[in-house]
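This is what each chain is made of:
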Amino acid sequence: MSVPEAKPTDLLSSYDPGPYHDELFGGRDCPADHAALIRQRLSGLDFEELRRRAQDAERELYNLGITFLVYSDKEAVDRILPFDIIPRVISAAEWSHLEAGVKQRVAALNLFLHDIYHDQKILKDGVVPRDLVERNANFRPQMVGLDVPFDTYIHIMGTDLVRDRQGTFRVLEDNGRVPSGVSYVVENRHMMQRVFPDLMQDIGIRPVDNYGHKLLEAMMEIAPQGVVDPQVVLLSPGSYNSAYFEHIFLAREMGVPLVEGRDLVVENDRVYMKTTNGLAPVHSIYRRLDDAFLDPRAFNPDSLLGVPGILEAYRKGNVALANAIGTGVADDKAVYCYVPRMIKYYLDQEPIIPNVDTRICREPDALQYTLDHLADLVVKPVGEAGGYGITIGPRASRAELEECRAKLLADPANYISQPVVDLSVCPTVTDDGIEPRHVDLRPFAITGRSTWVLPGGLSRVALKKGTLIVNSSQGGGSKDTWVLEGGAA
Amino acid sequence: MNLLARYAECIFWMARYMERAENLARILDVHETFARDTRGATNWFSIVQLNADEKDFFSRHDRPTAEAVIHYYMFDPQAPNSLLSMLRMARENARTLRPWISTEMWTQINVFHKKLQEMSARDVPMPNLSKVCTWIKEECQTHTGITEGTFYRDQGWYFYQLGKYIERADQTTRLLDIKYHTLLPSPMEVGSTLDISQWMTVLRCTAGYHAFRRVYPRGMTPATVAGFMLFNEGFPRSVVMCVRQIDGVLTRLRSRYELRGGSAAMERVDELLAGLLSRPIEGVLRDGLHEYLDWIQLQMNGVTNEIGQAFFGLDAPLAVTEQSQ
């Protein structure tokens, strides 16, 4: 239609979230009253004006170099994580529920990790299958019997949540190794404050900019005992890592050096960094490097990214690492299925945030069910990240389903299956106006002596119409996540 | 906070690349505008010689035409001394340094590099060269200003100053040398109109023309110009001024931050400074300016090497550098 809109005054009047729960409007039985003022303000805006502001924001993100690297044919390209200017809003009550749920989950996973590297009660009691842990590629025998401060293994956790058609939050995945994305949470907020101050005016939004401070606090807490002024560093694989911007961001927010493996040396089981004044001791390392690359002497001998001898320094208690070595076991998509049972086992509680119903294809019944309902299920490999290797039944061709069936039969233990979750949607600026797009949410929790959850989290948005995959490597974008301040719940 | 050896080296090189870019833009601009012979032609080849790029240049170009030289020094991503390469290097160092430098410094270099990169697709037509050079100079000076106004004054600041002043002194000696070697057609022409106009070009390349005029309202001789550029205590690009700054920075690094290394570098600087202060320009010219400039450059290289050994870590891999001079 080439006829221009008569009046652009009511921006959201023709918005239709479809059958999904909407993050700004709520669901059929649970309207989002808390977002009424925000909806009203958005409605009063001109669409072109909104687009202009969105473009300003993206240009600024690019100029600031808030980018991640994408490797195409030959060269690395700097990309921004596309940013959508319409925020996703979470009420105070919803948040206190999520916060409690995330804390509960972190607690259970830390107890689980301590257990499997010590007495293995949960394995002996048959709650979690033994081979799932001991044959797990991320199980580190070097950690057996080793004590870590406060029995905390996962110091930084990113829990992927989705919201189903009923508006129920569910856990999709635990990221207990090196979860990414918190820099976008903070930078997106800064961006919104610059380009959209009128939308935020007088709305009590909980701040997110003390993440670095909280992280540093935890890093100091876990430093070896007796060190008066612990030196914290952030260990990055270097400027060619796709998350390098985040490493810069976190080092800066904490006010600590951003080091690479080549900047560190181990002497007499102590870690030092090379400075302009020679070697200076290092006590606490936030490492954004997987176990396998951490210490060529202990793990992958070909890795040039790590620090020879650092494992021994760690085992001797001379340096703290976050996250601890060997947390990958809890990160596993197969182990994920057992987390509700862990919560019951260790804490004697019901899970505050339920999992997405998940079937573990290593179990014969589950495999059979999965094969029988392939066209209705999402099948995921347990060892892949970044949204790769996933088959979404209802959207797959017959050939793709057959391929998936063959893979399942060949290696059932490598797969889990889940029903398709109709992810909630949020109004999003698109070329065709304001349209619903699917979102997920990754809150971040920091644990030293105790656990703190950043009020908000990374809301990723699937920018392509209809798609459910919000992953950044698959063309997703992000939104600012507003957790409203307390009071009326 | 402790300064990583690798960061110190990156800061040093970032400063050098930005300084070098500004110099090159000024040289290209001044050549276009002023460095013409009596028939109005410009000797673009002298820029290739100035940078000791003959080999690399002729591997890709047959003749040093205006178009070839300008393209080579502006936009050729393969040429190690092109503005585009310098900016890429400065940006790579800045990217590594992002936790250490101010957001404003990073953003400006990032955007500057991006604009230059986009520009390389089109040709810069000759009438526009001066405009583009002016823009580049202004961006470099913006960088200097932003750095002055936002860079936190700790160790990193001093390593930045070291890089900047070493590069400046180096550029000034090169410029003087090229005038003596290339721009001058024959000894017969010393003091001729052409000779004088070339000395003015040299002064303009270092933004020193008006300052020089203030000191020497009358007369412009090789001795006064060379003396001004080497020994003037008030001219920001004179070799003496730069070396004094280097001396001061090294002293402060060692006293304020109690850095143990650097005594060898300081000795080299002392030696250099003594050499600079002990000889009047007439004597220098009599014994050979070229030899004298060579000696200065040798000393500067010595200082740079000592700094590297003292502070950047001998066994540490190099920061992002494509060129060592």
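Refer to the structure presented above.
Computed from a predicted structure; not experimentally measured. (Residues numbered from 1 in each chain as written. Chains lettered and ligands numbered in written order. Predicted model: local features only at pLDDT ≥ 70, side-chain atom pairs only at ≥ 80, totals over all residues. Heavy atoms only, no water.)

Asker: Tell me about the overall build of chain B, and please be specific about residues and values.
Answerer: Looking only at helices and strands, chain B features 15 helices and zero strands. With the model as given, the accessible surface of chain B reaches about 13400 Å², and the carbon-plus-sulfur share is 52%. (Helix = DSSP H or I, 4+ residues; strand = E, 2+ residues; numbered from the N terminus. Areas by Shrake-Rupley, 256 points an atom, 1.4 Å probe, with all protein chains shown as cover.)

Asker: Got a sec to walk through the sheet that holds strand β15 (residues 391-392) of chain A? Specific residues and values, please.
Answerer: Reading across from one edge, β13-β16-β14-β15 (chain A) is the order of the four strands in this open sheet, with antiparallel pairing throughout. Either end of the sheet is taken by a strand with one partner, and the two such strands are β13 (359-360) and β15 of chain A. (Pairing = 2+ DSSP bridges.)

Asker: An account of the packing of aromatic side chains is requested, with residue identities and associated values reported.
Answerer: All names here are of chain B. Counted by the stated rule, this structure contains 26 aromatic pairs over all chains. Ring geometry for Trp 13 against Tyr 17: centres 5.6 Å apart, planes inclined by 40°, an arrangement best described as tilted. Of the two residues, Trp 13 and Tyr 17 are both situated in helix α1 (residues 5-33); the distance of four residues between them amounts to about one turn of the helix. A single burial state applies to Trp 13 and to Tyr 17, both of which are buried. Ring geometry for Phe 231 versus Tyr 292: centroids 6.3 Å apart, planes at 75°, classification edge-to-face. Linking Phe 231 in helix α11 (residues 222-231) with Tyr 292 in helix α15 (residues 289-312), this pair joins segments that are 61 residues apart in sequence. Judged by relative accessible area, Phe 231 falls into the buried class, the value being 17%. Among the residues examined, Tyr 292 registers a relative accessible area of 5% and is labelled buried. Taken together, Phe 12, Trp 13, Tyr 17, Phe 159, Phe 311 and Phe 312 form an aromatic cluster joined through their ring pairs. (Phe/Tyr/Trp six-rings, centres within 6.5 Å; stacked < 30°, edge-to-face > 60°. Buried < 20%, exposed > 50% of the residue type's maximum accessible area, 1.4 Å probe, protein only.)

Asker: Could you give me a rundown of the sheet that holds strand β11 (residues 284-287) of chain A, with the residues and numbers involved?
Answerer: Pairing is parallel across the open sheet formed by four strands, whose spatial order is β7-β6-β11-β12 (chain A). The open sheet has two free edges, formed respectively by β7 (258-259) and β12 (320-322) of chain A, since each of these has just one partner strand.

Asker: Describe unusual backbone geometry, with residues and values.
Answerer: Residues and elements named next belong to chain A. With an omega of -10°, the peptide bond between Ala 322 and Asn 323 qualifies as cis. Its place among the elements puts Asn 323 in the loop between β12 and α12 (328-331). With a phi close to 60°, Gln 120 is a non-glycine residue in the positive phi region. Tracing the chain through its elements places Gln 120 in the loop between α3 (92-116) and α4 (121-124). For Gln 120, a relative accessible area of 11% translates into the label buried. Positive phi values are uncommon outside glycine, yet Asp 202 reaches one of about 60°. Inspection of the secondary structure assignment puts Asp 202 in the loop between α7 (197-200) and α8 (211-221).

Asker: Provide a residue-level description of the environment of Leu97(B), including the pertinent values.
Answerer: All names here are of chain B. Mapped onto the secondary structure, Leu 97 falls in the loop between α5 (83-96) and α6 (103-119). Overall, Leu 97 belongs to the buried group, its relative accessible area being 0%. For the pair Leu 97 and Glu 139, spaced 42 residues apart in sequence, the C-alpha separation works out to 19 Å. When residues no more than four places from it in sequence are discounted, the contact partners of Leu 97 are Tyr 7, Cys 10, Ile 11 and Met 14. (Contact = heavy atoms within 4.5 Å.)

Asker: Report on the interface of chain A and chain B, specifying residues and quantitative values.
Answerer: Between chain A and chain B, the residue contacts involve 29 residues of the former and 31 residues of the latter. Overall, the association of chain A and chain B removes approximately 2500 Å² of surface from exposure, summing both partners, and the carbon and sulfur fraction of that is 48%. Summed over the shared surface of chain A and chain B, the number is two salt bridges. For the salt bridge of Glu260(A) with Arg6(B), the shortest nitrogen-to-oxygen distance reads 3.3 Å. The tally of links between chain A and chain B comes to 15 residue pairs in polar contact (both at pLDDT 80 or more). Elements with a contribution of two residues or more to the side of chain A that touches chain B: α2 (47-63), α9 (244-254), β7, β9 (270-275) and β10 (278-281) of chain A. Examining the composition of the side of chain A that touches chain B, we find that five residues originate from one element, α9(A), more than from any other. (Buried area = accessible area lost by both parts, 1.4 Å probe. Salt bridge = Lys/Arg side-chain N within 4 Å of Asp/Glu carboxyl O. Polar contact = N/O pair within 3.5 Å; in protein donor to acceptor, adjacent residues only side chain to side chain.)

Asker: Account for α1(B), with residues named and values stated.
Answerer: Taking 1.5 Å per residue as the helical rise, α1(B) with its 29 residues ought to reach 42 Å, and the 43 Å between its terminal C-alpha atoms agrees with that figure. Burial within α1(B) is extensive, with 28 of its 29 residues counted as buried. (Expected span 1.5 Å × (residues − 1).)

Asker: Go over the pattern of salt bridges, please, and point to the residues and values.
Answerer: In total, this model carries 51 salt bridges over all chains according to the counting rule given. Among the salt bridges present, the one from Arg189(A) reaches Asp480(A), with a minimum N-O distance of 2.9 Å. Highlighted residues: Arg189(A) in helix α6 (residues 182-195) and Asp480(A) in strand β22 (residues 476-483), separated in sequence by 291 residues. You'll find Arg189(A) and Asp480(A) in the same group, each marked buried. Each of the salt bridges in this network shares a partner with another, and the network as a whole consists of Glu19(B), Glu22(B), Arg26(B), Arg168(B) and Arg237(B).

Asker: Could you give me a rundown of the environment of Ala21(B), with the residues and numbers involved?
Answerer: Residue and element names in this part refer to chain B. On the secondary structure map, Ala 21 appears in helix α1. Judged by relative accessible area, which is 0%, Ala 21 ranks as buried. Sequence separation between Ala 21 and Cys 140 is 119 residues, and the spatial gap between their C-alpha atoms is 7.3 Å. Setting aside residues no more than four positions away along its own chain, Ala 21 makes contact with Leu 83, Met 86, Leu 87, Ile 136 and Cys 140.

Such coordinate-based values are descriptive only and should not be taken to indicate function.
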